[in-house]
Amino acid sequence: MLHKRMKKYISSELTSEANKVEIYQEEKEFIKKYDLISNDITIIDKDPKTRFLDAYIERGDKETEETLAVESFAFLEQPIDYLQKHMNEFIYIESNWLEIIGVDAISLEVSDVFGTYDVMVGMQLQKKLEMSLKENLSKELDGDEARFGLMFNQKDGMWDLNFALNDVQGFHEEMSLEEACRLIYRFLFKLVERIEEGSKDAN
């Protein structure tokens, strides 16, 4: 599915300006690795800080799930410890980029129990890929205490996944919310890529 979505994105970009495609680092690595475009096409690097510029960002109340405010991109520029100072809140983000990796949205909050930055997403992966998903999560999340929750939602046909951002390589307490979103995206992108690659090998 990732291959299919990437090809669709490339073709949509190429129609607007011939022989040129603007792309972020993760997609660029993927395109080159799987040779998805011809050599005569120029790849232009997008500024990574602009990935979530057009995202829909919402602050919500953890207890009631009520929307507290719809925020602009500027909100993401503050430190991640905003969530430590507002333990009752969660941040909800939708983005076209998430669609490429088959993720519906990102929710980020601080765990009342563990004090970790918890990420919750819905992932469009087949139910039969459960073992591969679990194995990859166990392998890629750092630390002996790395935890994740995984459940297949029959109604939506998606995996409900939650994990601690603290266990993702590259996480640090001084990062901004925007940097955290980019780290989550990269982690999920690589996760989906590995799972799809593994399922191909198995066939």
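Refer to the structure printed above.
This is a predicted model, so every value here is computed, not measured.

### Focus on unusual backbone geometry
When glycine is set aside, most residues are seen to have a negative phi, and most peptide bonds are trans.
Right, so step 1: One non-glycine residue, D35, adopts positive backbone phi at about 55°.
Right, so step 2: Considering the arrangement of structural elements, one finds D35 in the loop between helix 2 (25-33) and strand 2 (42-45).
Right, so step 3: The backbone of E65 sits at a positive phi, close to 60°, despite the residue not being glycine.
Right, so step 4: Along the chain, E65 turns up in the loop between strand 3 (56-61) and strand 4 (67-71).

### As for the pairing of strand 9 (residues 158-164)
Right, so step 1: Taken across its 7 residues, strand 9 has 5 buried, putting it largely inside the fold.
Right, so step 2: Bridge count for strand 7 (residues 117-123) against strand 9 is 6 bridges, and the pairing is antiparallel. Within strand 9, the residue paired with M123 across the bridge is W159.
Right, so step 3: Inspection of the sheet shows strand 8 (residues 148-153) paired to strand 9 by 6 bridges, in the antiparallel sense.

### Regarding the nonpolar core
Right, so step 1: Core analysis: the largest hydrophobic core is formed by 61 residues, its most contacted members being L76, I101, L108, M123, L165, L177 and L188.
Right, so step 2: A per-element tally of this core places helix 6 (residues 177-202) first, with 12 residues.
Right, so step 3: With sequence-adjacent residues up to four places away left out, L177 is seen in contact with F75, L76, Q78, P79, I80, Y82, L83, I91 and L108.

Conventions and cut-offs
- Residues numbered from 1 in each chain as written.
- Predicted model: local features only at pLDDT ≥ 70, side-chain atom pairs only at ≥ 80, totals over all residues.
- Heavy atoms only, no water.
- Helix = DSSP H or I, 4+ residues; strand = E, 2+ residues; numbered from the N terminus.
- Buried < 20%, exposed > 50% of the residue type's maximum accessible area, 1.4 Å probe, protein only.
- Pairing = 2+ DSSP bridges.
- Core = buried A, V, L, I, M, F, W, Y, C linked by side-chain atoms within 4.5 Å.
- Contact = heavy atoms within 4.5 Å.

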